[in-house]
Amino acid sequence: MRDGPRVSVAANGERETARVHDDEGEVEVGGATFSFSVSGAGGDGEEESTDEDGGETPHAEDPLRIAPLEDVPTDSTIRCEALDGDRGIEVILRRDGDAVLAWCNSCPHQPEVRLDPGWGAMVRGGEIVCHEHGARFDPERDGVCTYGPCRGRTLEAVLVEVRDGTVYLDDDRFDRCRRLS
């Protein structure tokens, strides 16, 4: 299974970014609708365990399973994509002891900038650092920015839980997830 394209729509001062996984659909924001249809897309309908980029597809046995706890670092992050229907958002996860914290992979200063560009977010002094702006986010204080251009703003939290040594998505906004490489 391939990663779907990332679609951004801006209207009336609002911006919505989504990853689409179907060959047709719509993305809405601020009263504007972006409709798309891609001919020749699609596959054989069989679920694979990994996609072409090495990301894991949703697990047939539990589509909310993200990763074993030991795969989530304390000094960086891993990424997954939380999905609702054909729309998805990137999420970063960081371990704190036996707990895992998760946020949208987006800097509040410029939402199109990913905190984890694909090789793990920088962590300095326990804080997640935006590689582009130098903003620092304190995971122990709900992801509040302690330094930088978005000081005082917080990262958007995504609910996860650890059960029996495995991390699961536990956020009602999403119906499944898949780990990204």
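What comes next is a walk through the structure.

Rules used throughout
Residues numbered from 1 in each chain as written. Predicted model: local features only at pLDDT ≥ 70, side-chain atom pairs only at ≥ 80, totals over all residues. Heavy atoms only, no water. Helix = DSSP H or I, 4+ residues; strand = E, 2+ residues; numbered from the N terminus. Buried < 20%, exposed > 50% of the residue type's maximum accessible area, 1.4 Å probe, protein only. Contact = heavy atoms within 4.5 Å. Areas by Shrake-Rupley, 256 points an atom, 1.4 Å probe, with all protein chains shown as cover. Pairing = 2+ DSSP bridges. Axes fitted to C-alpha atoms, helices over the stretch in contact; angles between N-to-C directions. Core = buried A, V, L, I, M, F, W, Y, C linked by side-chain atoms within 4.5 Å.

## Things to note about the overall build of the chain
Helix and strand counts for the chain come out as 0 helices and 15 strands. Among the 181 residues that make up the chain, the fraction classed as buried is 43%. Summarising the internal contacts of the chain: among those between residues at least 6 apart in sequence, 46% fall at separations of at least 24. When the accessible surface of the chain is totalled, it reaches about 9,700 Å², and 42% of it is carbon and sulfur.

## Topic: the sheet that holds strand E7 (residues 87-96)
Strand order across the open sheet formed by 4 strands is E8-E7-E6-E15, with antiparallel pairing between neighbours. Unpaired on one side and paired on the other, strand E8 (99-104) and strand E15 (176-180) mark the two borders of the sheet. Strand-to-strand, the axes of this sheet are offset by a mean angle of 35 degrees, without reference to chain direction. Bridge analysis of strand E6 (residues 78-84) against E15 gives 5 bridges, and the strand direction is antiparallel. The partner of Glu81 across the bridge, within E15, is Arg178.

## Notes on the pairing of E7
For E6 and E7, the ladder comprises 7 bridges, and the chain directions are antiparallel. Along E7, the bridge assignment pairs Cys80 with Val91. Hairpin connection between E6 and E7: a loop of 2 residues separates the two successive antiparallel strands, and Gly85 in this loop has a positive phi of roughly 65 degrees. One ladder, built from 6 bridges, connects E7 with E8; its direction is antiparallel. Opposite Arg94, over in E8, you have Leu101 as the bridge partner. Between E7 and E8, which pair antiparallel in sequence order, lie 2 residues; one of them, Gly97, sits at a positive phi of approximately 70 degrees.

## Digging into the nonpolar core
Counting residues in hydrophobic clusters, the biggest one holds 18 residues, and the most contacted among them are Ile66, Leu93, Val160, Val167 and Leu169. Taken together, the elements giving at least two residues each to this core come down to strand E5 (65-68), E6, E7, E8 and strand E14 (166-169). Dropping the residues within four chain positions of it, Leu169 is found in contact with Leu64, Ile66, Ala82, Val158, Leu159, Val160, Phe174, Arg176 and Cys177. Listed in part, the 14 residues of the second largest apolar core include Ile92, Trp103, Val123 and Cys145.

## Observations regarding the pairing of E14
Along E14, one buried face is formed by Thr166 and Tyr168 and the opposite face, lined by Val167 and Leu169, is buried too. Sheet topology places strand E13 (residues 160-163) next to E14; 4 bridges connect them, and they run antiparallel. Residue pairing for E14: Arg163 is matched across the bridge by Thr166. What sits between the antiparallel neighbours E13 and E14 is a turn of 2 residues, in which Asp164 has the positive phi angle 50 degrees.

That's the geometry; what it means functionally is another story.
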